[in-house]
Amino acid sequence: MSNKYRTHNCSELRKENVGNNVVLSGWVNKKRDHGNLLFIDLRDNYGVTQCIIDKENLNFSQLEKIQLETVIRIEGKVVNRSSDTINKEIQTGEIEIGIKEFKVLGSCKELPLPVFSDQEYAEDIRLKYRFLDLRRKKIHENIILRSKVISFIRSEMNKYGFLEFQTPILTSSSPEGARDFLVPSRLNPGKFYALPQAPQQFKQLIMVSGFDKYFQIAPCFRDEDARADRSPGEFYQLDLEMSFVEQEDVFKVVEKLLVNTFKKFSNKKLLSDKFPRITYKDAMLKYGTDKPDLRNPLIIKDITEIFSREDVTFEIFKKLVKSGSIVRCIVTKNTKDKPRSFFDNIDKWAKEQGASGLAYFTIEKEKEISAKGPVGKFFSKEALEEILKLTGAEVGDSIFLACSKQKELEKIISISRDKIAKDLDLINNEIFAFCWIIDYPMFERNDTSNKIEFSHNPFSMPQGEIDKINFDKPLDILAYQYDIVCNGVELSSGAIRNHIPELMYKLFSIAGYSKQDVDQKFSGMINALSYGAPPHGGIAPGIDRIVMLLANEKNIREVTMFPMNQNAQDLMMNAPSDVTDKQLKELNISLKSKK
RNA sequence: GGGGGUGUAGCUCAGUUGGUUAGAGCGAUCGCCUGUCACGCGAUAGGUCGAGGGUUCGAGUCCCUUCACUCCCGCCA
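Sequence order as written defines the numbering, with residues in each chain counted from 1. Think of it this way: whatever chain is written first is A, whatever ligand is written first is 1, and the rest follow in order. Local features in a predicted model are, by the rule used here, given only for residues with pLDDT of at least 70; side-chain atom pairs are given and counted only at 80 or more, and totals for whole chains, interfaces and linings are based on all residues. Think of the side-chain values as coming from all heavy atoms in the structure, minus any hydrogens and water.

A. Summary view of the overall build of chain A. Strands are runs of DSSP state E lasting at least two residues, helices are runs of H or I lasting at least four, and both sets are numbered from the N terminus onward. What chain A contains, in helices and strands, is 16 helices and 24 strands. C-alpha extents for chain A along the principal axes are approximately 95 × 75 × 55 Å. Taking all 595 residues of chain A together, 49% fall into the buried category. Considering only contacts within chain A whose residues lie at least 6 apart along the sequence, 67% involve residues at least 24 apart. Total accessible area computed for chain A in this model is approximately 31,300 Å², and 49% of it derives from carbon and sulfur atoms. Across chain A, the mean location of the 88 positive side-chain charges is 2 Å away from that of the 85 negative side-chain charges. To sort residues, take the accessible area from a 1.4 Å probe on protein chains only and compare it with the maximum for the residue type: under 20% means buried, over 50% means exposed, and anything in between is partly exposed. In this analysis, two residues are considered to be in contact whenever any of their non-hydrogen atoms come within 4.5 Å of each other. With residues, only the protein chains shown are counted as cover, and all accessible areas are computed by Shrake-Rupley using a 1.4 Å probe. In summary, the charge assignment counts Lys and Arg as positive and Asp and Glu as negative, without counting His or the chain termini. A charged residue contributes its charge at one atom only: NZ of Lys, CZ of Arg, CG of Asp or CD of Glu.

Written out as structure tokens, the structure is:
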């Protein structure tokens, strides 16, 4: 491509082009002014080319004064660089352009943040001047990676026989799940649309419509507070759904897609191409969480039974166990020579996390097995031997213990597992460790209200023969509901769906919804399911998090082009913003208080 | 809603126990420099120390309030 702005881009020219007259356009990345000789690094999306001009040229004094990040067009001749001035860091490093003419295409004010720098900047400045921030190498490349990953996923999905469809952005509010973003309806005063939290119902309706395999790079909107790995407002999912499938069929497709994607875009190894499957129950026991980081080799063990022994005199724990608490522990291999400060730091850290601390001791053996450490004296030789049997610990290992009610315990022991592994440097950063978490319970009891609620997706299919499910024990019902976790990051969540209306009414009634409630709230779907719905299921991997892992970033804003800040404001576009009284009036809205 | 961290020049940061006129690097402006690639050298400008209040002879520094950003908890089927 050649036009009045350029004959080549800024990473194209090579030795072979020496002698050519060329036109380049781009940003002034860097100037090096030698007084009578000036170097200009010209940058565009593709790379950097060094351009040079000396005092003899009439343009010299103008170019010498040019601001960084000005957009210019230069015309000149490709010149060979002498061997001692070749720059191997850039692709065009063997040549340079001898500038003949130049023109400013876009002038630039003094920069609020330098573009040519590896320095980190305050988030609000970066977001306000995102267009400058995005010129910087690292994030520019992250965004390009994101584009390539999405293109690749699209072509894979097409290859697998999936059809891409769009679903509505203005839809109806749903009672389950996150807080909705609402949009007032002008033509229906007092009524609101909701932005979709996910195209959940639509993708099921697509299956009922007979399309068999659907996917979409779908925007999802949830009005919840932000985290490092969670943008406020919107995020993207690879939403997919398939008809006439069992859980295994979904697993096969998604494993293949993710393995291909991660192998293509990262040099890191996968811990296993076949994702291990861990039941929700096991995950909660062994890792204390349903998003375990399998790069971390530490496993949690339950040793509650030890604390009903006569020869254990750890009275605080014994008393708690009697009143229903449980004890779980983490064994660290061969840590007997770690300094006291290592153990105390972890205990102190646990207290800062709101736990009552982490007790610990180290197993030693001279003639007999003994436990060293502040609480070691509470355990008899026989009790210690039993602990070794239960935990697989050996002489020289240390044991960290926590005692609490189950939920609280899982929380503290889970983050302790991460903390201890980090302190001991046990986590291999050069791998991706995927796993499936399966067999989620259909329902759970809400701690505060004591009511039975859907634990995940109310549209999931319960496991087992339908006429044999014991609805009197709802907490025992498992669902065909699954998550994919990678390196401790929840990447996707999916399920085989419940396509049987009567069963749906039954499950909703357990969660406290009447038939009328369901008919009203999910009218589109429940209606559709009664006109011949195929069995179907799917999943929705989070695009932003996939790219975040591939780009080796810890923050989702580093792979998002125009993110909002933590308060869900777009500092560049000034959103959200006030609207005129006329707009409000049309929408039939009056504000309670106005600033 | 709650907890932690940060806030000093356009940008990144230093600033000791409360003590003279608040510093550095980058950037900007001006001057010198023909082979740099983070070019080099010299000079100049640039500050409501986030904001408000208090303690004190004296506050960037101590106390209180408040705002902004960020991380976490709650929340996120």
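B. Here's a closer look at the packing of aromatic side chains. Two rings belonging to Phe, Tyr or Trp (six-membered ring only in the last case) form a pair when the distance between their centres is within 6.5 Å. Interplanar angles under 30 degrees mark stacking, angles over 60 mark edge-to-face geometry, and anything in between is tilted. Going through the model one piece at a time under the given rule, you end up with 30 aromatic pairs. Taking the centre distance of 4.9 Å and the plane angle of 65 degrees together, the rings of F454 and F508 count as edge-to-face. In this pair, F454 is assigned in strand β21 (residues 452–454) and F508 in helix α12 (residues 501–510), connecting sequence segments 54 residues apart. Exposure class is identical for F454 and F508. Each is buried. Here a set of aromatic residues connected by ring pairs shows up, and it is made of F251, F262, F275, F432, F434, W436 and Y482. Cation over ring: K264 sits above F265, and NZ or CZ is 5.8 Å from the ring centre. Sitting over a ring, as applied to charges here, requires NZ of Lys or CZ of Arg to be within 6 Å of the ring centre and within 35 degrees of the ring normal. One cation-aromatic arrangement involves K338 over F342; the distance from NZ or CZ to the ring centre is 5.6 Å.

C. How the structure looks around the protein's contact with RNA strand B. Around RNA strand B, the structure places 53 residues, and the nearest of them are K30, D33, N36, H456 and N567. Any pair of N or O atoms that falls within 3.5 Å is considered a polar contact. Within protein, one atom must be able to donate a hydrogen and the other to accept it, and sequence-neighbouring residues count only if both atoms are side-chain atoms. Q119 places a side-chain nitrogen or oxygen 3.0 Å from a sugar or linking oxygen of RNA strand B. For RNA strand B, a phosphate oxygen lies 3.0 Å from a polar atom in the backbone of A228. Counting only elements with at least two residues in the surface near RNA strand B, the list comes to β1 (21–33), β2 (37–43), β3 (48–54) and α2 (123–128). Being near a molecule or strand, for a residue, comes down to having at least one heavy atom within 4 Å of it.

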